[in-house]
Structure formats: C-alpha cells, structure tokens
Amino acid sequence: PAHAVFILATTEPQKLPATILSRCQRFDFKRIPARLIEERLSLMCQDMGAAYEKEALELIARSAEGGMRDAWSIMDMCLSYAQEEDSGLTEATAAFCLSFARR
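Residues numbered from 1 in each chain as written. Predicted model: local features only at pLDDT ≥ 70, side-chain atom pairs only at ≥ 80, totals over all residues. Heavy atoms only, no water.

A. How the structure looks around the packing of aromatic side chains. Counting across every chain of the model gives one aromatic pair. Ring centres of Y81 and F96 lie 5.0 Å apart, and the angle between their planes is 35°; this geometry places the pair in the tilted category. Highlighted residues: Y81 in helix α4 (residues 68-84) and F96 in helix α5 (residues 91-101), separated in sequence by 15 residues. Residue classification places Y81 among the partly exposed positions, given a relative accessible area of 26%. For F96, a relative accessible area of 36% corresponds to the partly exposed category. (Phe/Tyr/Trp six-rings, centres within 6.5 Å; stacked < 30°, edge-to-face > 60°. Helix = DSSP H or I, 4+ residues; strand = E, 2+ residues; numbered from the N terminus. Buried < 20%, exposed > 50% of the residue type's maximum accessible area, 1.4 Å probe, protein only.)

This is the structure we're talking about:
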C-alpha cells in the first residue's frame, strides 16, 4: 500500500543486490563528535538542575565513542551514583562509574 514504508538497515550495503539498492534512499550514519555529545549532555544537566564538572562530561562523551544513546546511559548511571553520594557529577564519579561499566 502507498502508506507503507519499509526501512532496511544494514552495516554491509555492498552485499545488497543492485536491484534493491536502486529502489532505496540511502542514509549513511556517522558517529557524533565528542564535542557535540558533551554540549548536549551539558544542556541536559542544566535542564535537570544537576551540578556537574565539565571534565566529567568530557570523559563521558569520549567513553560513548560517538553514540548519543550510550552517552545518555552513562551519564544517567553517573548521576544516579552522584545522587547517592550527595555530590554533583564530578570527573572522579564519572571515572569510577566507567570503571564498572567497562567490566
């Protein structure tokens, strides 16, 4: 039907037949630069009224390796821990939480 939209996602488009590729719109996604992730995390912290150190957000942004969803998850974990410790999001808190996330 005309209202149906099919989304084909692959990490190996070169393996798709030419007949399929010729009928598709192609969107190549790239990793988000750490600087942009850091800016977005900063806005989120400000919106939540959470205290943070710039260095903590830099560490989280680098650890997310270009994935905004990963950055949000890491920051959420760090903020939860910081809240338990009754402190803001510090670089030390982020490093501590990341040490567990990497295991």
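Back to the write-up after that little detour.
B. Highlighting the environment of A95. Within the fold, A95 resides in helix α5. Distance from A95 to C78, taken between C-alpha atoms, is 8.9 Å for residues 17 residues apart in sequence.

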